[in-house]
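# Examining the three-dimensional arrangement
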Amino acid sequence: MIVLLLVSLIAIIIYWKYRRDRKHLYELSNILAGPGCVPVLGHSHWFIGSPEMDLWKSHRRVILPIFQNRLIEDFIEVFGEQGSILVKRLENEVGKPEFDVFKYITSCMLDIVFETAMGERMDVQHNPDTRYMCARNAVMSIINMRLFKPWMQPDALFNLTKQSKIQKDNIDITHKFTDEVVMRKRKDHENGKINEGRKDLLELLLTRDMKLTNEELREHIDSITIAGNDTTALVVSYALQLLGHHQAEQELVHKELQNIFGDSSRQPNKEDLMKMEYLERVIKETMRLFTVVPLIARRTQKEVKLSSLSVPAGVGCAVVPRALHRSARLWGADAGRFNPDRFRPEHSARRHPCAFIPFSYGARNCIGRHFGMLVMKSILANVLRSYKVKSSACGKLKIEILLFPVSGHLITLEKREMRT
Ligand code: HEM
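Calculation criteria
Residues numbered from 1 in each chain as written. Predicted model: local features only at pLDDT ≥ 70, side-chain atom pairs only at ≥ 80, totals over all residues. Pairing = 2+ DSSP bridges. Helix = DSSP H or I, 4+ residues; strand = E, 2+ residues; numbered from the N terminus. Contact = placed C-beta atoms within 7 Å. Axes fitted to C-alpha atoms, helices over the stretch in contact; angles between N-to-C directions. pLDDT = per-residue confidence, 0-100. Parallel < 35°, antiparallel > 145°, perpendicular 65-115°, else oblique. Nonpolar A, V, L, I, M, F, W, Y, C, P; charged D, E, K, R; others polar. Left-handed = near helix turned anticlockwise from the far one by under 90°. Buried ≥ 20, exposed ≤ 12 C-beta atoms within 10 Å, placed from the backbone. Expected span 1.5 Å × (residues − 1). Core = buried A, V, L, I, M, F, W, Y, C linked by C-beta atoms within 7 Å.

## Notes on the sheet that holds strand β9 (residues 410-415)
Whenever strands of a sheet pair, they do so through backbone hydrogen bonds, lying parallel or antiparallel. Taken together, the three strands give an open sheet; going across it, the order is β1-β9-β6, and neighbouring strands pair in antiparallel fashion. Each having just a single partner strand, β1 (99-100) and β6 (387-390) make up the two edges of the open sheet. By the bridge criterion, four bridges tie β6 to β9 in an arrangement that is antiparallel. Opposite Lys388, over in β9, you have Glu414 as the bridge partner. Sheet strands touched by helix α13 (residues 230-245): β6 and β9. Its angle to β6, the strand with the most contacts, is close to 80°.

Structure (structure tokens):
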């Protein structure tokens, strides 16, 4: 009895500490990327800001220019190539019962982010079980498990478990892989072996004035590949599910694609993507209804005065884009209805800039939003030109860092005919 009381008391103290201070979460995020002191861009995806503001700012200044529109647009060819592999793989599912499309989309996105971030062709679409991928999945699932099990968060307890060793071994595997690519690229850069064609993000980072160590480069590349993968894959999967459930809107998308491509199966180029205005509205409406980063947390640096109250410095706050995006006050009584036309320019112009913040807002917003928008349009265009999608409504949702449907993104596919 006494032992039971003691264990309960310890559990309560640990839980109270966890609620009071989210510092544990920073520590968990540091495990993912390496040395604890570097506030890697993208940690915010998982663990709420970073204590090292100045360092984060200087790193963001280095990274921001490599995400410029002009440089990102060089990747459109990769989006098309991987999208066409995805379309071929989906043929397996034509005419079959409902299946979860997310697993197809996420492996396509992984191939895209690896090739654009470090020039590596991983071919996850055909080989999902490589050593690197298994290790990466193992680390992510342990981090997710620790997030929701407060008693596993103190290192002193966690280090006693089998999971700790599994985590360490798998982190070593993922680091080894990225380290080798970083070292190879740095050597090429120092020897003046410059890639004349399209440059990947790592090559672009090596050309920046601020000299980053190999460790910092590895951290940035790892965080970009993590931040850019499941977010975009989830939005694409939700969009397919919504269009599968809203046939009239799917036909409007198809008509727009027919006007752009006719019956040609060529890959989308920049001009094509710019013309996909209705598809862009569908993507925005998807991100409104299914906000894949449902919660953004911050700690106030100084007192913040809001209209009806003021928040003192040093307080943990949560901004909940999902609540904003479903607010009847901001979006009207039919806020829960799928209606891409809400994003027609004349409607958006009247809206507060913070009413729609799927990529967050302000100094720490998403660096990859232009990249994300282009890649999502390209993949959706490829899939929707080739297939008619059907689906029932998306059921219950759960938060596993990002927002997932409990039963997966279930759809069925019918082939559409394309002549060339
Ligand atoms: C639909 C797709 C995406 C969504 C919804 C999304 C959403 C977000 C959000 C909400 C944040 C801010 C998180 C916070 O403040 O705590 C963020 C940050 C970030 N995102 Fe994205 N993102 C997407 C795609 C991408 C892509 C494709 C990349 C890179 C290739 C990327 C890279 C990053 C990075 C590096 C940060 C951290 C910025 C910083 O800490 O200064 N994201 N994203």
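## Here's the deal with the confidence of the model for the protein
Residues with a pLDDT of 70 or more make up 88% of the protein, whose mean pLDDT is 86. A low-confidence stretch, residues 18-51 stays under pLDDT 50, and its non-local contacts, those more than four residues away or across chains, total 66 contacts.

## Some words on the environment of Leu205
Position of Leu205 relative to the elements: it lies in helix α11 (residues 201-206). The sequence separation of Leu205 and Ile221 amounts to 16 residues, and the corresponding C-alpha distance is 9.5 Å. With sequence-adjacent residues up to four places away left out, Leu205 is seen in contact with Ile66, Leu212, Leu217 and His220.

## Overview of the packing of helix α16 (residues 277-289) against helix α20 (residues 369-386)
Running from amino to carboxyl end, α16 crosses α20 at an angle of 110°, the nearest separation of the two axes being 10 Å. On the basis of their axis angle, the class for α16 and α20 is roughly perpendicular. Across the interface between the two elements, Leu279, Glu280 and Ile283 from α16 touch Met376, Lys377, Leu380 and Ala381 from α20. Each residue belonging to the contact of α16 with α20 can be placed in one class, and the counts come to five nonpolar, no polar and two charged.

## A look at unusual backbone geometry
In this structure, Asp123 takes a positive phi of about 50° despite not being glycine. The backbone of Ser360 sits at a positive phi, close to 70°, despite the residue not being glycine. One can find Ser360 in the loop between α19 (345-348) and α20.

## Quick word on the packing of helix α8 (residues 131-148) against helix α10 (residues 162-190)
Between α8 and α10, the least distance of the axes is 8 Å, while the angle of their chain directions is 135°. As summarised for this structure, α8 and α10 are arranged oblique, according to the angle between their axes. The hand of the α8/α10 crossing is left-handed. Taking contact as the criterion, the partners of Arg131, Tyr132, Ala135, Arg136, Ala138, Val139 and Ile142 in α8 are, on α10, Gln163, Ile166, Gln167, Asn170, Ile171, Ile173, Thr174 and Phe177.

## Some points on the pairing of β9
Where β1 lies against β9, two bridges are found, and the strand directions are antiparallel. Considered in β9, the bridge of Phe99 is made with Ile411.

## Focus: the environment of Thr225
Tracing the sequence through the fold places Thr225 in helix α12 (residues 214-227). Classification of Thr225 as buried rests on a count of 24 C-beta atoms within 10 Å. Measuring from C-alpha to C-alpha, the distance between Thr225 and Leu110 comes to 7.6 Å, with 115 residues separating the pair along the chain.

## Quick look at helix α7 (residues 102-118)
Look at α7: 24 Å from first C-alpha to last across 17 residues, which is about the 24 Å you get at 1.5 Å a residue. Buried residues dominate α7, accounting for 15 of its 17 residues. Gly119 lies just past α7 and shows a positive phi near 70°.

## Description of the nonpolar core
Counting 69 residues, the largest nonpolar core has Ile105, Val235, Val236, Ala239, Ile379 and Leu380 as the members making the most contacts within it. When residues in this core are grouped by element, the largest group, 11 residues, is from α7. With residues up to four places along the chain from it excluded, the contact list for Ile105 reads Ala233, Val236, Ser237 and Ile379.

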